[in-house]
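# Understanding the architecture of this molecule
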Amino acid sequence: MEEGCKVKLWSPSENLSPRVKKLRDEYFSYPHREFKNTVLAYTTGAPWDRVYRNYEDYVVPEMVPFMSGIADSLLALAQPVDLPANFFKEPLIVRRALFTQAVLRQIPVDILEGELIVGGRFNTAMSTCLNQEETQAFEAVYQEYCAKTERLINLGISNCGAVGCHIIQDFKRLLSIGFKGVEAEARRLLQETRDPEKKAFYQAIIISCEAVKEFTARYAAEARRQAEAIGKADPVRQKELQTIAAICDRVPYEPPQTFYEAVQACWFIHMIDMIAEGYHGAGLSYGRFDQYLYPFYARDLAEGRITRDQAKEILQCFFIKHNYAYDRQPAHGKQGINSGYGQLITLGGMGPGGVDLTNDLTYLMLEVIMEMNLLEPKCTFRIHQGTPDLLFKRILKAIHQAQGSPFLLNFDEPSILGLEKEGISPEEAVDYGVVGCIENTSAGNDLSGTVDVNINIAKAVELVLNNGRCLLTGEQIGPATGDPASFASFDQFFAAYKAQLQAIIQQTLEVASTWDGLRATYVPVPYLSATIGGCLEKGRDVRAGGAKYNFITVEGVGIATAADSVAAVKKLVYDEKRLTMEELVEALKANFEGKEALRQLLLNRAPKMGNDDPYVDDIAREISRFWGHEVQKHVSPITGRRYMGGYLSWNYFVGMGATTAATPDGRKNGEPLSNAVAPAQGRDVNGPTAAIKSVTHLGFDAQPRGVSYTITFNPAMLQTEEQLAKLGALLKAYGQLGGTSIQLNLIDRETLIDAQQNPENYQNLLVRVTGYNAYFVTLGRAMQDEIIARTAHAV
């Protein structure tokens, strides 16, 4: 318990080894530590070069005011790299591979004192590698669509971009054949094709594989240098460094032979993509970590090469490495740690035929998570009807111990069904992993664009009430569906709402498709393509549709706000005629100033989603299925990627609240929209069972890419084994009802208020925001207030 804190917070274990404790403490001492993984920018040196791709950051609207300054400062700080004389005569994808190879030859290599997993510098800003003609062609479209994207954001319609990472590399295959095997396959395919574009692609893959070998050899050399420098002064560390050197000589170019090698290989595979893409939002996930690493673990245990405690220490060192992603933004919050970057690991779950695949590594990973108290890597546990009672009980205890925040739960049966319905084979669907926060994806062969597009479902309510115009700016956004006072029936109103929502989708996906096409044309990623199934077979870059499966996820924001608002219009204007449409619109335009009695009527008389009330829940379901099926009609024209629905509001539901006028549910302009599929803040008053029945009534087959539901429980109601068992039954019921994922907060309102007022006493307080967790005291005031406003349920 921290000094002055009213509750016992989840904190790092007192039983961490001296090595792990030192490394963890060192990470959290940013102002004082010598090593910092700050951004390193690299340029071709051409006067037209760019090292920052603004369009990625349009998915974080708060970044927009700073993007020009970031671009200018990174370019000013960029280091030129040594490139061949004919560099700009090569095909773009070959240029990208050569540039990444040059950076991997130049980027500093650092091995921290005592660490067992190495690889430290991965925050980069990478040149686009475009020639002057390509740059001019790119800029011609780029400026136009920057303006269009900013319009979508400023009007509260949506935000979109073409984001890096957010994918699961094919770790199982890479651990089996190594980059050496990938290179051999690329060389064979190069000899078999006459297509010049495919030839360039395979050349780029070969260069990328060679670069991996060169890069890890640099770490081997650094380990040997340190071992020699230490000499007999510390023979134990000297031997560790010699072992590290031998491992870095092999993996991941050669396939690993031991558990230690396999873990190091996974980290190298992961971090090199962050270097190569230069993407600063992480979102790069591991898939079923406990499944593909278990054979190495079990074999080493059986043959006496490793003990369980040694394996745990290796994993703990592995966990620490991911958190250095936050060195990218040290000026913000707690050392820049203001949200989860979503380097996600998937654990547990079923295999073919519903057989449970839990193993000892699953349990060991749970222990590591709970002992480390870190943001990264985030973990999700796959739960199904056959999950062992022992594992499920340990998960429940961990949830209780850690205020619910350390991981999310994903439910296999509905998740697998959703993936199969969008066209993923049963064999691959059952082996799914989770990307970023809660986004389901086929592991190792699926580019699913899980954060690229986010639409404001509630904005369409505002538009239908103002004949397609924004109530805040007066700008015409959607079609002129008519004066709402002239609608003779609710059906006419609801049809107009759907027309406005359809227009929002159409406008957003036109911009999103342009960004997707620009990235495919101008930003190939050959290293990542070497790690994703389908790319070699097609001879095509992963960003240009090379993966076996290709989707772009459209995340819905504010479904409960929209449903509650439509239900309020139906109930109070059409059914009960307690107010006229003119009175409602006038109150919304005034943001309820001088209209508090009318606002209270909307808040208290109109039904609210989250209370198992069919009146509003049926409306929510119809809206959800309408927009989910609508986006599936669209395809990104250049890449051929299909749009699919999901529900992940990240932080957007707070920011969009400022650009969405007051709504008929009683919400004022500036207040947050509802979070993903959760009921609007504080509106679910009939208990958790009613809440989950409302949420699952939406029917998530229309949003197969994952659904975020964050629910808060009062920890005072979860003190006994019986109460925890009730929570477990509730969670399993959520899965049985069709829920795909759920995140829990076990924290009371009073503790959160105290943490807001006395942040120095709550430095370790982790909370679930939506699909990600964050240290509460580092969140902005608006986000803190939103979390405090959520209903805390009893079981």
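The preceding data block contains the structure.
Residues numbered from 1 in each chain as written. Predicted model: local features only at pLDDT ≥ 70, side-chain atom pairs only at ≥ 80, totals over all residues. Heavy atoms only, no water.

## With respect to the overall build of the protein chain
Broken down by element type, the protein chain carries 29 helices and 21 strands. Computed over C-alpha atoms, the radius of gyration of the protein chain comes to 26 Å, within 12% of the 28 Å expected from 2.2 N^0.38 for 795 residues, which places it in the range of a compact globule. Dimensions along the principal axes, computed over C-alpha positions, put the protein chain at roughly 85 × 65 × 50 Å. Counting the 795 residues in the protein chain, one finds 66% classified as buried. Within the protein chain, residue pairs in contact and separated by at least 24 positions form 78% of the contacts whose partners lie at least 6 positions apart. A total of about 26,800 Å² of accessible surface is found on the protein chain, and carbon and sulfur atoms cover 51% of it. With 80 positive and 95 negative side-chain charges, the protein chain shows a spacing of 1 Å between the two charge centroids. (Helix = DSSP H or I, 4+ residues; strand = E, 2+ residues; numbered from the N terminus. Rg over C-alpha atoms; globule rule 2.2 N^0.38 Å. Buried < 20%, exposed > 50% of the residue type's maximum accessible area, 1.4 Å probe, protein only. Contact = heavy atoms within 4.5 Å. Areas by Shrake-Rupley, 256 points an atom, 1.4 Å probe, with all protein chains shown as cover. Lys, Arg positive; Asp, Glu negative; His and termini not counted. Charge placed at Lys NZ, Arg CZ, Asp CG, Glu CD.)

## Some thoughts on helix H23 (residues 596-605)
Think of an α-helix as 3.6 residues a turn; residues three or four steps apart then line up on the same face. For H23, the full list of buried residues reads Leu-598, Arg-599, Leu-602 and Leu-603. One face of H23 carries all of its buried residues, which in axial projection span an arc of 135°. Among the exposed residues of H23, those pointing more than 90 degrees away from its buried face are Ala-597 and Asn-604. Those residues of H23 that are buried lie in contact with helix H21 (559-575) and helix H22 (581-589). (Arc of directions from axis to C-beta.)

## A word on the packing of aromatic side chains
Across all of its chains, the model carries 37 aromatic pairs by this definition. Arranged with centres 5.7 Å apart and planes meeting at 75°, the rings of Tyr-286 and Phe-289 form a pair that is edge-to-face. Of the aromatic side chains, those joined through ring pairs into one cluster are Tyr-55, Tyr-58, Phe-138, Tyr-142, Tyr-145, Trp-515 and Tyr-522. The ring of Tyr-142 carries Arg-50 above its face, with NZ or CZ at 4.5 Å from the centroid. The ring of Tyr-615 has Lys-571 sitting right over it, with the charged end atom 5.1 Å from the ring centre. (Phe/Tyr/Trp six-rings, centres within 6.5 Å; stacked < 30°, edge-to-face > 60°. Lys NZ or Arg CZ within 6 Å of the ring centre and 35° of its normal.)

## A look at the sheet that holds strand S3 (residues 124-126)
As summarised here, the arrangement of the three strands in space is S2-S1-S3, forming an open sheet in which the pairing is parallel. The sheet is open, and its two edges are formed by strand S2 (79-80) and S3, each paired on a single side. Here helix H4 (residues 92-106) sits on the sheet and contacts strand S1 (40-43), S2 and S3; the angle it forms with S1, its principal contact strand, is near 135°. (Pairing = 2+ DSSP bridges. Axes fitted to C-alpha atoms, helices over the stretch in contact; angles between N-to-C directions.)

## What to know about the nonpolar core
If you look at the biggest cluster of nonpolar residues, it comprises 268 residues, and the most contacted ones within it are Phe-289, Leu-293, Phe-407, Trp-515 and Ile-623. If we ignore the near neighbours within four places in the chain, the residues touching Ile-623 are Ile-457, Phe-494, Tyr-497, Leu-501, Ile-559, Ala-562, Ala-563 and Val-566. Of all hydrophobic cores here, the second largest spans twelve residues; its members include Leu-344, Val-430, Tyr-432 and Val-434. (Core = buried A, V, L, I, M, F, W, Y, C linked by side-chain atoms within 4.5 Å.)

## A few points about the pairing of strand S8 (residues 344-348)
In terms of residue burial, S8 counts as a mostly covered element, since five of its five residues are buried. Of the pairings in the sheet, the one linking strand S7 (residues 287-288) to S8 comprises two bridges and is parallel in character. Bridging across to S8, Arg-288 finds its partner in Thr-346. Pairing between S8 and strand S9 (residues 378-383): five bridges, direction parallel. What sits directly across from Leu-347, in S9, is Phe-381. Crossover connection from S8 via helix H13 (residues 360-372) to parallel S9: handedness right-handed. (Right-handed = clockwise from strand over helix to strand, strands pointing away.)

## What about the pairing of strand S16 (residues 642-646)?
Both faces of the sheet carry side chains from a regular strand, because those side chains alternate between them. Counting buried residues in S16 gives four out of five residues, a clear majority hidden from the surface. Relative to S16, strand S15 (residues 549-557) runs parallel, the two being bridged by five bridges. By the bridge assignment for S16, Phe-551 is matched with Arg-642.

## Here's the deal with the pattern of salt bridges
Any two side chains of opposite charge can pair, given that their charged atoms come close. Within this structure, the stated rule accounts for 52 salt bridges. A salt bridge links Asp-249 to Arg-224; the nearest nitrogen and oxygen atoms lie 2.4 Å apart. Of the two residues, Asp-249 sits in helix H8 (residues 235-250) while Arg-224 sits in helix H7 (residues 196-230), which places them 25 residues apart along the sequence. With a shortest N-O distance of 2.9 Å, Lys-312 and Glu-371 are connected by a salt bridge. Here Lys-312, found in helix H12 (residues 308-323), pairs with Glu-371, found in helix H13; they are 59 residues apart in sequence, far enough to count as distant. In terms of burial, Lys-312 and Glu-371 fall into one category: buried. Connected through shared salt-bridge partners, Arg-308, Lys-312, Asp-360, Glu-367 and Glu-371 make up one network. (Salt bridge = Lys/Arg side-chain N within 4 Å of Asp/Glu carboxyl O.)

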